[in-house]
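Chain and residue survey
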Amino acid sequence: MTSDIIRQESANKAGTGKTLHVITWGCQMNVYDSARMTDVLRPLGYRPVEAAEEADMVILNTCHIRERAAEKVFSELGRLRKLGEERRAAGHGRTVIAVAGCVAQAEGEEILARAPFVDIILGPQTYHRLPEMVARAARAGGAVIDTDFPAETKFDFLPAEAAPQTDGNLTAFLTIQEGCDKFCSFCVVPYTRGAETSRPVASVLAEARRMAAGGVREITLLGQNVNAYHGEDGSGGVATLAGLAAELAAIPGIGRIRYTTSHPRDVDQSLIDAHRDNRALMPFLHLPVQSGSDRILKAMNRGHTAEAYRDVVRRLRDARPDLALSSDFIVGHPGETDEDFEATMRLIREIGFAQAFSFKYSPRPGTPAAGAPLQVDEAVKDRRLQALQALLREQQDAFNADMIGRTLPVLFTARGRKPGQIAGRSPYLQAVHVDGPETLIGQTAPVLITQRNSNSLGGVLKRERACA
Ligand code: SAM
Ligand code: SF4
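Residues numbered from 1 in each chain as written. Chains lettered and ligands numbered in written order. Predicted model: local features only at pLDDT ≥ 70, side-chain atom pairs only at ≥ 80, totals over all residues. Heavy atoms only, no water.

1. Concerning the overall build of the protein
The line we're drawing: Counting from the N terminus, the helices are DSSP H or I runs at least four residues long and the strands are E runs at least two residues long. Two things to know: the radius of gyration comes from C-alpha atoms, and the globule rule equals 2.2 Å times the number of residues to the power 0.38. For every residue, the accessible area obtained with a 1.4 Å probe (protein chains only) is divided by the maximum for its type, and the residue is called buried under 20%, exposed over 50%, and partly exposed between those limits. Between two residues, a contact is recorded if the distance between any of their heavy atoms is within 4.5 Å. Using the Shrake-Rupley algorithm and a 1.4 Å probe, accessible areas are obtained, with residue cover drawn only from the displayed protein chains. This count recognises Lys and Arg as positive and Asp and Glu as negative, with His and chain-terminal groups excluded. In this description, the location of a charge corresponds to atom NZ of lysine, CZ of arginine, CG of aspartate or CD of glutamate.
Of the regular secondary structure elements, the protein holds 12 helices and 23 strands. Taken against the 2.2 N^0.38 rule, which gives 23 Å for 468 residues, the C-alpha radius of gyration of the protein at 23 Å falls within 12% of a compact globule. Seen along its three principal axes, the alpha-carbon backbone of the protein occupies a region of about 60 × 60 × 50 Å. For the protein, the residues scored as buried account for 57% of the 468 residues in total. Relative to all contacts within the protein whose residues are 6 or more apart in sequence, the contacts with residues 24 or more apart total 71%. As displayed, the protein has an accessible area near 19,500 Å², and 50% of this comes from carbon and sulfur atoms. Taking the 56 positively charged and 57 negatively charged side chains of the protein as two groups, their mean positions are separated by 3 Å.

Right, here's the structure in full:
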């Protein structure tokens, strides 16, 4: 999951004249959460606006993973405060400002103290209570804060409406699991998202069926530890991710299933077998390893060795030879030596990644690594990150170049930029453009890849007929 601003979206239904704008920072799960917040405010009459300048209510859905997350929030809040004042001077009512997500969870009191003009502060587990918070904020005239980890699950209280969709409603995110009990040394997630919980199978299937009925063809299952999924199966047992994926694949219309983010420790045999047997599971897996050094993996409290990671990858590739991998890497974790870093480079060379996200370690207050001795010098981190990214870029280029001459099933999701073009995604999430009829949008068709552009692939339709 990535952590830049990735989407600004709005409520999407005409209402009673109130307007809402949601600014989303962070990962796909935040995109999902923002859409659900929009859903719960819809019955209150909030309708879409494209810009914060036009909004009666602005929600800033925050991410705590990256460096100086809180400072970025305060800077954005300063901007929103000014916008609110300008709107008021122009004769509009007061702009309600809400801060949601992981920074709100971790730094709620600090936000209250430093930005007292904020009306609502809510954590990732309480957004189903937003209508009540909006009412309380209006009554109280002061800030309402709700960063509980409530006993009830928010999923049981969300309106049964179509969930967030992208790519013209043909692809969608679906959160199935949240939280984490692994407590990696560097990570804030267990503190901000809470303990690991899974949605019951029936709840996931109901949402997936709604999505399919709305035209969705590809679902990405989301969870901080998605393959630790253990949802109630409705008959007193517990389903694994593999079992859930099998049920999802049986829903008419759902042709593709992805899941992210996985932990190497939770890749069990049933999931490996599913990659062999479940053709809806895409052969592209994001499996973060963080480091190739056992010493550092131990310091990170990852609970696996580099060899265990290699072993999981070998078994996955045996089961599904066309499987490609993506990963996350951290350079400069406290105590990382040149030798440890070399072990990471070795692992990358051995495994070969189609794509990856890599970060310099940066301390997160309250996490064990933040106070650890032997913090690595910034210049050393910079040097290591550059070398690592150069290697990963080389591998990604080679992977994309290797597509030329291959025929890939492409799910077409939109018109292309040029007239007569249509665009879609390969199983490896590469953007693919071809000349073809718009009637193929929403379908999967085989494409012979003939060229590689900077951010996409080009090709020709093998035949203008959708794949089964
Ligand atoms: N649950 C996933 C896993 O176990 O790999 C990762 C979740 S985290 C939201 C996404 C990525 O952010 C991590 O895989 C890690 O590479 C990076 N990250 C998290 N905390 C970090 C920190 N303090 N410094 C640098 N990178 C960090
Ligand atoms: Fe964070 Fe580790 Fe949990 Fe992933 S497994 S969310 S990195 S604590």
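So, next bit.
2. Topic: the sheet that holds strand β18 (residues 355–360)
Quick note on the threshold: We call two strands paired when DSSP finds no fewer than two bridges between them. Axis definition: a line fitted to C-alpha atoms, limited for helices to the stretch in contact. Angles are taken between N-to-C directions and run from 0 to 180 degrees.
Read from one edge of the open sheet, three strands run β16-β17-β18, paired in parallel fashion. Whereas interior strands pair on both sides, the edge strands pair on one side only; in this sheet they are β16 (284–286) and β18. With direction set aside, neighbouring strand axes in the sheet form an average angle of 10 degrees. Bridge analysis of strand β17 (residues 324–331) against β18 gives six bridges, and the strand direction is parallel. When the sheet's bridge partners are listed, Ser327 is paired in β18 with Ala356. Lying over the sheet, helix α12 (residues 378–401) contacts β17 and β18, oriented at roughly 175 degrees with respect to β18.

3. Looking at the site of ligand 1
What counts is decided by this rule: Summary of the distance rule: residues count as near a molecule or strand when at least one heavy atom falls within 4 Å of that molecule or strand. Under this definition, polar contacts are N or O atom pairs within 3.5 Å; protein pairs additionally need one hydrogen-donor-capable and one acceptor-capable atom, and for neighbouring residues in sequence, both atoms have to be side-chain atoms.
Taken together, 17 residues sit near ligand 1, with Phe186, Gln224, Gln290, Asp328 and Ser362 positioned nearest. With respect to ligand 1, the backbone of Phe186 contributes an N or O atom lying 3.0 Å from a nitrogen atom. Contact between ligand 1 and Gln224: a nitrogen atom at 2.8 Å from a main-chain N or O atom of the residue. The protein chains hide 93% of the 560 Å² of surface that ligand 1 would expose on its own. For the shell around ligand 1, the secondary structure elements donating two or more residues are β17 and β18.

4. Overview of the sheet that holds strand β23 (residues 456–461)
Read once around its circumference, the closed barrel built from five strands follows the order β19-β20-β21-β23-β22, with strand pairing classed as mixed. Taking the axes of each pair of neighbouring strands and ignoring which way they run, one obtains an average angle of 55 degrees across the sheet. Examined bridge by bridge, strand β20 (residues 421–425) and strand β21 (residues 431–435) share five bridges and lie antiparallel to one another. By the bridge assignment, Gln421 is partnered in β21 with Asp435.

5. Comments concerning the nonpolar core
For clarity, the threshold we go by: Residues enter a nonpolar core if they are buried and are Ala, Val, Leu, Ile, Met, Phe, Trp, Tyr or Cys, with the set joined through side-chain atoms within 4.5 Å.
Counting 54 residues, the largest nonpolar core has Ile176, Leu221, Leu248, Phe353 and Leu388 as the members making the most contacts within it. Ignoring any residue separated from it by four or fewer positions in sequence, one finds Ile176 in contact with Thr197, Ser198, Arg199, Val204, Leu221, Leu222, Val226, Tyr229, Leu241 and Leu244. Val96, Ala100, Ile120 and Ala137 belong to the second-largest nonpolar core, a separate cluster that totals 26 residues.

6. A look at the side chain of Lys182
On the secondary structure map, Lys182 appears in the loop between β10 (177–178) and α5 (189–192). There is a polar contact of 2.5 Å between the side chain of Lys182 and the side chain of Asn225. Within polar-contact distance, the side chain of Lys182 engages the side chain of Asp266 at 2.6 Å. Among all residues touching Lys182, those that are not within four sequence positions of it are Glu196, Asn225, Ala228, His263, Arg265, Asp266 and Asn301.

7. Points about the packing of helix α11 (residues 338–351) against α12
Condition: Orientation is classified from the angle alone, with under 35 degrees giving roughly parallel, over 145 giving roughly antiparallel, 65 to 115 giving roughly perpendicular, and any other angle giving oblique.
With their axes 11 Å apart at the nearest point, α11 and α12 run at an angle of 5 degrees to one another. Considering their axes alone, α11 and α12 lie roughly parallel with respect to each other. Touching Asp338, Phe341, Thr344, Met345, Ile348 and Arg349 of α11 are Arg383, Arg384, Ala387, Leu388, Leu391, Leu392 and Gln395, all from α12.

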